[in-house]
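Remarks on the overall topology
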Amino acid sequence: MFKIALPDGSVREMPEGSTPADVAAAIGPGLAKAALAAKVDGEVRDIMRPFEGDSSLALITSRDEKDALELVRHDFAHILAEAVQNLFPGTQITFGPATDDGFYYDFAPTAERGQFTDEDLPAIEAEMRRVIAADKPLVREVWDRAKVRQFFIDHGETFKAEWVMELPEGEPITMYKTGHGEADWMDLCRGPHLASTGKVDPNAFKLTRVSGAYWRGDPKNPMLSRIYGTAWLNKKQLDEHLVRLEEAAKRDHRKIGQEMDLFHLQAEAHGSVFWHPNGYIIWRQLEAYMRRRLDAAGYEEVKTPQLMDARQWERSGHWGKYRENMFIVPDEIPHGSDDEGEDEAPILSGDADLMALKPMNCPAHILIFNQGIKSYRDLPLRLAEFGCCHRNEPHGALHGIMRVRQFTQDDAHIFVREDQLVEEVVAFCDLLDSVYRDLGFDRYAIKLALRPDKRFGTDEMWDWSEQSLRDAVAAAGRNTEEFGWEELPGEGAFYAPKLEFHLSDAIGRTWQVGTIQTDTVLPERLDASYIGEDGAKHRPIMLHRAIIGTFERFLGILIEHHAGKFPLWLAPVQAVVTTIVSDADDYAREVAAKLAQRGIRVDTDLRNEKINYKVREHSLKKVPLLLVVGKREAEEGTVALRRLGSEERQLVMTVDEAISMIVEESIAPDLKR
Ligand SMILES: [Zn+2]
Ligand SMILES: [Zn+2]
């Protein structure tokens, strides 16, 4: 008999060969029906997989949403692959993981068939529903590598046969079989899966699109067809998600960026943003705001070199670990041509060392710290930089201004003594909270990413740093459900644990933007030290921290969060004075000049167009305030004020009233306090 410990503390004796499903059945028929999979000694497993000894067991039901979703999505990927092979015999399978909102599977269609298209999706969906309705058991089998390879060769699956040979020899490999009795379909898979295809809700998924993807992500390899789907636990969740997608498409920062003339991107500068005047106004407002907040919080702003040579990147460890993401530039003037058109040798400056554009600001800040002797009294030292960094990422990974190759961080490094760490992290949490609220986000989650398996440093160091971050969040009063407090085992950086701050936007999406992490490795590598009260040398702890992350991505999030309807202090054009009749042109100019004099970003629209046409156009450009003037307003010294998106009738007031109201409203939130 095996002893199976349950979450409520009770222990059940189960005969050898029994499974978590048997335990569920012994507890009651309700649970037997609801149980989707099992957590055995902390590992998610098939509910039909027999226990191997005394174990702890927690049954997973749809109430364990995170685990349940991942299982269901993986099942859908298998169902998709089976459906595609049923409909299109000869199609080869490759990989099909779960994603954040569903799943995908990469297929190699036959040459005659060609790549799949969106037109194929309805038929594939219908076939998937047939596979689900057949309620086929998903059975785990353990094979050896040679047998798996032969199986795939026999079935014409060359991609799978290639892949399996890269798995370590001698280790058992799991295959998942779908079918009653004989296998209808089979895939090499680590699992786990639900007990049968009928366990997923046939109305809780939708195939969304097809795209090309190279075998193993390498452009030298064959192009595959990647079919994406979104999948949920039930139809209600799916419907909510589809509404969210629709809403997200309306808010897409690339679309709004064009409508409001904020920025553009073009192939000549892949992954770098061309900010237009309107977009750069928002950037400048945000930067000025962040600078005021940092100044007030005791940070000192610095500016460090864009290019540093290889020696520096070797010392910091980036040359070894991070080189493939760095843009590398030789320190030479390439070549000139003489009169005969022959190339001359490069003109060397210095030793023609290799230089790299900085991918991060951290090493340079330590170099500033290292200038002169620091004493314990100099700490904490907070060095901030709106640092422009470059990271080389594949073109396919780029997305609008959200994922770019040139970006500017609201970066800072705080050098602290051990006894200052908690206090400093508390202060950071408070500052970040206030910044997010000022910028229109009132919900965010705090997560603590704990030590990964592969890491630097001693266990004592990790124990201490993790506990310090935990203590700090508790001291800031934010280790609560309201703040989505959660610990994420294994997700820390290799040198340190970190706090992550995940913003929730207006349509419920989350974005990780803020972070703070403790680091003792880099100060060690670059030999940063201070003289302690005891007169001896000590290493400072370095805190890497950002609140908005990068300007580019954060502005993308801001655009989508507000759907372009920025609060007045951020809006690129705050007001437009527009006329009903041309008689009022001079008056409109006069009103605009008065507003401009008070620092309001104002335009006039004196075109001879119908007022409704003008109103529509400015509302598409998301201008917050329209001041409409006609003959009567000119005579009476008034304006008729219309707010963007407001159903209220326009408000008539005197020019002076309007100006003081607009000026008051356009003050940044930190300056109002
Ligand atoms: Zn699988
Ligand atoms: Zn850093």
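Our subject is the structure that appears above.
Everything numeric in this text was worked out from a predicted model, so none of it was measured. (Residues numbered from 1 in each chain as written. Chains lettered and ligands numbered in written order. Predicted model: local features only at pLDDT ≥ 70, side-chain atom pairs only at ≥ 80, totals over all residues. Heavy atoms only, no water.)

Focus: the layout of surface pockets
Under the convention used in this document: Cavity: a set of points on a 1 Å grid over the protein atoms alone where a 1.4 Å probe fits but cannot get out. Pocket: an open set with protein on both sides within 12 Å along at least five of seven lines, its lining residues, like those of a cavity, having an atom within 4 Å of a point. Grid points are joined across faces, edges and corners, and a volume is the space filled by probe spheres set on the points. Any residue that is not Ala, Val, Leu, Ile, Met, Phe, Trp, Tyr, Cys, Pro, Asp, Glu, Lys or Arg is counted as polar, Gly included; the first ten are nonpolar and the last four charged.
The space that makes up the second largest pocket amounts to roughly 1,200 Å³. Around the second largest pocket, the lining comprises 38 residues; the ones closest to its centre are Tyr-322, Met-360, Arg-391, Gln-409 and Gln-517. Of the residues assigned to the lining of the second largest pocket, the class counts are 15 nonpolar, twelve polar and eleven charged.

Re the coordination of the zinc ion (ligand 2)
Spelled out, the test is: We call an atom a donor if it is N, O or S and sits within 2.8 Å of the metal, or 3.2 Å for Na, K and Ca. Water is not counted, so some sites may look partial. Helical segments are the DSSP runs of H or I of at least four residues, strand segments are the runs of E of at least two, and each set is numbered from the N terminus. A 1.4 Å probe rolled over the protein chains alone gives each residue an accessible area, and that area as a share of the maximum for its type sets the label: buried under 20%, exposed over 50%, partly exposed in between.
In this structure, Cys-362 (SG), His-413 (NE2) and His-544 (ND1) serve as the protein donors to the zinc ion (ligand 2), at separations of 2.0 to 2.3 Å. Counting residues between consecutive donors of the zinc ion (ligand 2) along the chain gives the motif C-x50-H-x130-H. With Cys-362 in helix H12 (residues 362-369) and His-413 in strand E22 (residues 406-416), the pair connects residues that are 51 residues apart, well separated along the chain. Taking relative accessible area as the criterion, Cys-362 reaches 8% and is therefore assigned buried.

Side note on the environment of Lys-236
In this fold, Lys-236 is placed in helix H7 (residues 235-251). Residue classification places Lys-236 among the exposed positions, given a relative accessible area of 60%. Residues Lys-236 and Gly-564 lie 328 residues apart in sequence; the distance between their C-alpha atoms is 29 Å.

Side note on the sheet that holds strand E3 (residues 37-40)
Selection rule: At least two bridges found by DSSP between two strands is the condition for calling them paired. Axes, fitted as lines to C-alpha atoms, cover a helix only where it is in contact. Angles between the N-to-C directions of the axes lie from 0 to 180 degrees. Residue contacts follow a heavy-atom distance rule, with two residues in contact if any of their heavy atoms lie within 4.5 Å.
Ordered in space as E2-E1-E5-E3-E4, the five strands form an open sheet in which the pairing is mixed. Looking at strand neighbours, the two that pair on one side only are strand E2 (11-14) and strand E4 (43-45), the edges of this open sheet. Strand-to-strand twist of the sheet, defined as the mean angle between neighbouring strand axes without regard to direction, takes the value 35 degrees. Here helix H1 (residues 20-27) sits on the sheet in contact with strand E1 (2-5), E2, E3 and strand E5 (55-60), set at roughly 115 degrees to E2.

Section: the coordination of the zinc ion (ligand 1)
As a benchmark, a tetrahedral metal site with four donors has ideal angles of 109.5 degrees, while an octahedral site with six donors has ideal angles of 90 or 180 degrees. Looking at the zinc ion (ligand 1), the protein donor atoms are His-74 (NE2), His-78 (NE2), Cys-189 (SG) and His-193 (NE2), and they sit 1.9 to 2.6 Å from it. In primary sequence terms, the donor set of the zinc ion (ligand 1) follows H-x3-H-x110-C-x3-H. Of this pair, His-74 and His-78 are both found in helix H3 (residues 65-87), four residues apart, which corresponds to roughly one turn of the helix.

So, the packing of helix H9 (residues 277-296) against helix H13 (residues 421-438)
Stated precisely, the cut-off is as follows: Convention used here: angles under 35 degrees read as roughly parallel, angles over 145 as roughly antiparallel, angles from 65 to 115 as roughly perpendicular, and any remaining angle as oblique. Crossings are assigned a handedness: left-handed for a near helix turned anticlockwise from the far helix by less than a right angle, right-handed for a clockwise turn.
Axis separation between H9 and H13 bottoms out at 12 Å; the angle between their running directions is 155 degrees. Taken together, the axes of H9 and H13 lie roughly antiparallel to each other. The handedness of the crossing between H9 and H13 is right-handed. Taken together, the residues of H13 that come into contact with H9 (itself represented by Tyr-289, Met-290, Arg-293 and Leu-294) are Leu-431, Ser-434, Val-435 and Asp-438.

Such coordinate-based values are descriptive only and should not be taken to indicate function.
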